[in-house]
Amino acid sequence: MSNAMLEVRELTTKYITRFGEDVYAVDHVSLKVEEGKTLGIAGESGCGKSTLALSLMGYYFPPLHYTSGEIIIDGHNISGMDPDVVRKMILGAEIAYIPQSAMNALNPTQKIIHFIEDVIQEHDLYVTKKDISDRARILFETLGLPAEVLQKYPVELSGGMKQRTVIAVSVLLLPKVLIADEPSSALDVTSQKMVIKMLRQLMETGLISSMIFITHELPLLYNVTDDIMVMYAGQIVEKGSAREIVFDPLHPYAKGLMGSIIVPEKGLRDVKLAAIPGVPPNLKNPPSGCRFAKRCKFARMECEAFSIPLRDIGGGRAYRCIIPEKELREIYAKEAYKNAR
Amino acid sequence: MPVEKKLYLSTSGLTKVFGFGRNKTLAVDHVDLNLYEGEVVSIVGESGSGKTTLAKMLLGLISTTEGDIYFQGKKRDISTHRKKKEYWKNIQAIFQDPFSSYNIFNKIDTVLLDCIAMRGGRRLPYAKKVELMTEACSFVNLKFEELTNKYPFELSGGQMQRLMIARIFLLKPKILLADEPTSMIDACSRATILDELMQLRNENGMTIIFITHDIGLAYYVSDKVYIMEHGKFVESGSADEVILSPREPYTQRLINDVPKIYEEWDLSTV
């Protein structure tokens, strides 16, 4: 049994708006990433994916606040630690983060090597510049990036190269867990493939032990990750292995997401894309029952009555729906039959 | 026997050169494009292949360096502002970034009222205008009562893009040029937007030029696909032909780079 690199138990974080309202963007989320595994998080925009990524790092700054729950990285509990300590000791060294707009993460007035010096010296004051440049060069060579990049300004690099540089910088201090928040959403397909290849390489060479990958592109998620978690309105609605989630989703929301997959493969033109109508609920005052009930095709009376627990069905699979597994499958089979005619 | 279709828009040897001398860049290189009535045509290429430049030339937003554009059999004439406006009644566009497609000082009512005025409804009674606007909004599943008196920035990206389609619904142009309409939107709202575009096509017989870098999307929506590389069309044909059995190495590479779910995704080829 491999040991868990990152374990999160019942994590809840909230945003406090300037009117003093609480918005619970991450609501009792539990997850576990084992060594050598990649966890994917799927969901539409505004459902709390990025907030979860920020919350996992244990580094909170307003308007994001920590409420309850535990974050355990490789045996150490980091929840409730002082933000400054977290920044110096944990970020980069234990857990690293690639932001969504990594393109803008680089300082436009500095060469890449100076940026790297800043990063390393923030964590370790007594490294010489020569050591840093050697370390950076070796890392860049391992990752297949040209070493000339170090002496360039960000404007001289292409989008894909910038993104890969940011990834290389984020693993400089050999973190155990890497959180990639839509690392390829602004890139074209070829650069995207290069980025994904590099992330794979990081896992294979052992520079990082495990990874959390966040995106709304399901085909990508399916190819990169081992397990997938589907989020909706701050809650986990379904989790399971990548294959199970993509080919055999149980929760109606996950089912809807899978209906929006577009891949250039035979048979795509015959299916009608299934869009989910409506928008996610406002989390300022979330519905008391199932949060998806308003948009759900199969919603019943009792759905909106009380909150629904995550139902564990064994084999690492769980889903948050009132309808039993067997009945859901029957409903989907009927639906598929109706659509086929 | 196939029905003879009307040629709507065609170009011959369309070229655009940016800069001169040593800095000369050939953005679009002798492109021949034929667009028939009611067709959905996709132009697919990587970033920097000249897709958007081509779109801007077709719209008349930038001048052409060489070559001609024919609209409904006649050579396009947009030499004066009046003629340009007349041309824009026939061809309209949806752009990539919904956040920068609107005038930030105008309310949503103004955006839609402008469209009505452009179709010659300037003198209609206000109640009639509201009726038209409500119809357009309900077409894209928005509620006009919620939008009225709001500014574009108060909407989400998906809503803005759908409002863009509502504009097109009011304007009813002959040709719609959709320049990466779904690239800033998440996969879930993407299906909605595509559905609405297809509905527009089916109801009004609109011709759509779909510009995208997502080859899967192009395959889903279009009848005909053009693959563009460095300003040239390298391959063209029906969607099934081009995407399921590509001939050119460039097309093959593009298709290989897209993550797939039924086939193995080969990472070793980059």
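About the criteria used
- Residues numbered from 1 in each chain as written.
- Chains lettered and ligands numbered in written order.
- Predicted model: local features only at pLDDT ≥ 70, side-chain atom pairs only at ≥ 80, totals over all residues.
- Heavy atoms only, no water.
- Helix = DSSP H or I, 4+ residues; strand = E, 2+ residues; numbered from the N terminus.
- Rg over C-alpha atoms; globule rule 2.2 N^0.38 Å.
- Buried < 20%, exposed > 50% of the residue type's maximum accessible area, 1.4 Å probe, protein only.
- Contact = heavy atoms within 4.5 Å.
- Areas by Shrake-Rupley, 256 points an atom, 1.4 Å probe, with all protein chains shown as cover.
- Lys, Arg positive; Asp, Glu negative; His and termini not counted.
- Charge placed at Lys NZ, Arg CZ, Asp CG, Glu CD.
- Core = buried A, V, L, I, M, F, W, Y, C linked by side-chain atoms within 4.5 Å.
- Polar contact = N/O pair within 3.5 Å; in protein donor to acceptor, adjacent residues only side chain to side chain.
- Pairing = 2+ DSSP bridges.
- Axes fitted to C-alpha atoms, helices over the stretch in contact; angles between N-to-C directions.
- Buried area = accessible area lost by both parts, 1.4 Å probe.
- Salt bridge = Lys/Arg side-chain N within 4 Å of Asp/Glu carboxyl O.
- Nonpolar A, V, L, I, M, F, W, Y, C, P; charged D, E, K, R; others polar.
- Parallel < 35°, antiparallel > 145°, perpendicular 65-115°, else oblique.
- Phe/Tyr/Trp six-rings, centres within 6.5 Å; stacked < 30°, edge-to-face > 60°.
- Lys NZ or Arg CZ within 6 Å of the ring centre and 35° of its normal.
- pLDDT = per-residue confidence, 0-100.

So, about the overall build of chain B. From N to C terminus, chain B includes 10 helices and 10 strands. The globule rule puts the C-alpha radius of gyration for 270 residues at 18 Å, and the 19 Å found for chain B is close to it. Along the longest, intermediate and shortest principal axes, the C-alpha atoms of chain B span 60 × 50 × 45 Å. The buried share among the 270 residues of chain B stands at 52%. Sequence separation of 24 or more characterises 68% of the internal contacts of chain B that already satisfy a separation of 6 or more. For chain B, the accessible area works out to roughly 12900 Å², and carbon and sulfur atoms hold 49% of it. Of the side-chain charges in chain B, 34 are positive and 35 negative, and the distance between the mean point of each set is 10 Å.

All names here are of chain A. Ranked by size, the top nonpolar core spans 78 residues in total, and within it Ile116, Leu178, Leu199, Leu202 and Phe213 carry the most contacts. It is helix H6 (residues 189-205) that provides the largest number of residues to this core, a total of 6 residues. Not counting residues within four places of it along the chain, the set of residues in contact with Ile116 comprises Ile132, Ala136, Phe140, Leu150, Val169 and Leu172.

Residue and element names in this part refer to chain A. For Arg291, the position within the fold is in the loop between helix H9 (252-258) and strand E11 (311-314). Of note is the side chain of Arg291, whose polar atom sits 2.8 Å from the side chain of Asp27. Here Ala233 takes part through its backbone oxygen, which lies 2.7 Å from a polar atom of the side chain of Arg291. Setting aside its immediate chain neighbours within four residues, Arg291 contacts Asp27, Tyr232, Ala233, Gln235, Pro281, Leu283 and Pro286.

As a further point, take the pairing of strand E1 (residues 4-16) of chain A. In the case of a regular strand, side chains alternate between the two sheet surfaces. All names here are of chain A. Bridging between E1 and strand E2 (residues 22-34) involves 8 bridges; their strand directions are antiparallel. Bridged to Ala4 within E2 is Glu34. The loop that links E1 with its antiparallel partner E2 comprises 5 residues; one of these, Gly20, has a positive phi angle of about 80 degrees.

What follows concerns the sheet that holds strand E7 (residues 177-181) of chain A. Residue and element names in this part refer to chain A. Within the open sheet, the 8 strands sit side by side as E6-E7-E8-E3-E9-E10-E12-E11. Their pairing is mixed. For this open sheet the edge positions go to strand E6 (95-98) and E11, each flanked by a neighbour on one side alone. Neighbouring strand axes in the sheet, compared pairwise and without regard to direction, differ in orientation by 20 degrees on average. Relative to E7, E6 runs parallel, the two being bridged by 4 bridges. Paired with Ala96 across the strands is Leu178, a residue of E7.

With that settled, consider unusual backbone geometry. All names here are of chain A. Here the amide bond leading from Pro62 into Pro63 is cis, since omega sits at 5 degrees, within 30 degrees of zero. Positive phi outside glycine occurs at Glu10, with the angle close to 50 degrees. Among the secondary structure elements, Glu10 is positioned in strand E1. Here the phi dihedral of His28 falls at roughly 50 degrees; this positive angle occurs in a residue that is not glycine. With respect to the element layout, His28 can be found in strand E2.

We now examine the interface of chain B and chain A. Between chain B and chain A, the residue contacts involve 39 residues of the former and 37 residues of the latter. Roughly 3500 Å² of surface becomes buried between chain B and chain A when both sides are summed, with 63% attributable to carbon and sulfur atoms. For the pair chain B and chain A, the number of links is 2 salt bridges. Glu217(A) is the partner of Arg190(B) in a salt bridge, and the nearest nitrogen-oxygen pair spans 3.6 Å. Taken together, chain B and chain A are joined by 8 residue pairs in polar contact (both at pLDDT 80 or more). Residue assignment for the side of chain B that touches chain A shows that the elements contributing at least two residues are helix H7 (187-204), helix H8 (215-221), helix H9 (239-244) and helix H10 (249-257) of chain B. Tallied by class, the residues present in the side of chain B that touches chain A amount to 20 nonpolar, 8 polar and 11 charged.

Let us now look at the packing of helix H6 (residues 157-171) of chain B against H7(B). All names here are of chain B. Between H6 and H7, the least distance of the axes is 11 Å, while the angle of their chain directions is 5 degrees. When the interaxial angle is binned, H6 and H7 end up roughly parallel. On H7, the residues that touch Gly158, Gln161, Arg162, Ile165, Ile168 and Phe169 of H6 are Ile193, Glu196, Leu197 and Leu200. For the contact of H6 with H7, the residue count by class is 6 nonpolar, 2 polar and 2 charged.

A ring pair, where both rings are aromatic, is described by two values, the distance of the centres and the angle of the planes. A full pass over the atoms with the stated rule returns 12 aromatic pairs over all chains. Taken together, Tyr222(A), Phe247(A) and Tyr262(B) form an aromatic cluster joined through their ring pairs. The ring of Tyr332(A) has Lys255(A) lying over it, and the distance from NZ or CZ to the ring centre is 4.7 Å.

A few words on the environment of Gly237(B). Residues and elements named next belong to chain B. Relative to the elements of secondary structure, Gly237 occurs in strand E10 (residues 232-238). For the pair formed by Gly237 and Ile62, sequence separation is 175 residues and the distance between their alpha carbons is 28 Å. Those residues within four positions of Gly237 in sequence are excluded, and the remaining contacts are Asp223, Lys224, Val225 and Val242.

This brings us to the confidence of the model for chain B. Taken over all residues, the pLDDT of chain B has a mean of 87, while the share at 70 or more is 98%. Two summary scores accompany this predicted model of the complex, namely pTM at 0.84 and ipTM at 0.76.

Locating Thr190(A) in the fold gives a position in helix H6. Within the structure, Thr190(A) has its side chain in polar contact with the side chain of Arg253(B) (distance 3.3 Å).

Okay, the pairing of E11(A) next. Residue and element names in this part refer to chain A. With 3 bridges joining them, E11 and strand E12 (residues 317-319) adopt antiparallel strand pairing. Along E12, the bridge assignment pairs Asp312 with Ala318. Joining the antiparallel neighbours E11 and E12 is a turn of 2 residues, in which Gly315 adopts a positive phi near 70 degrees.

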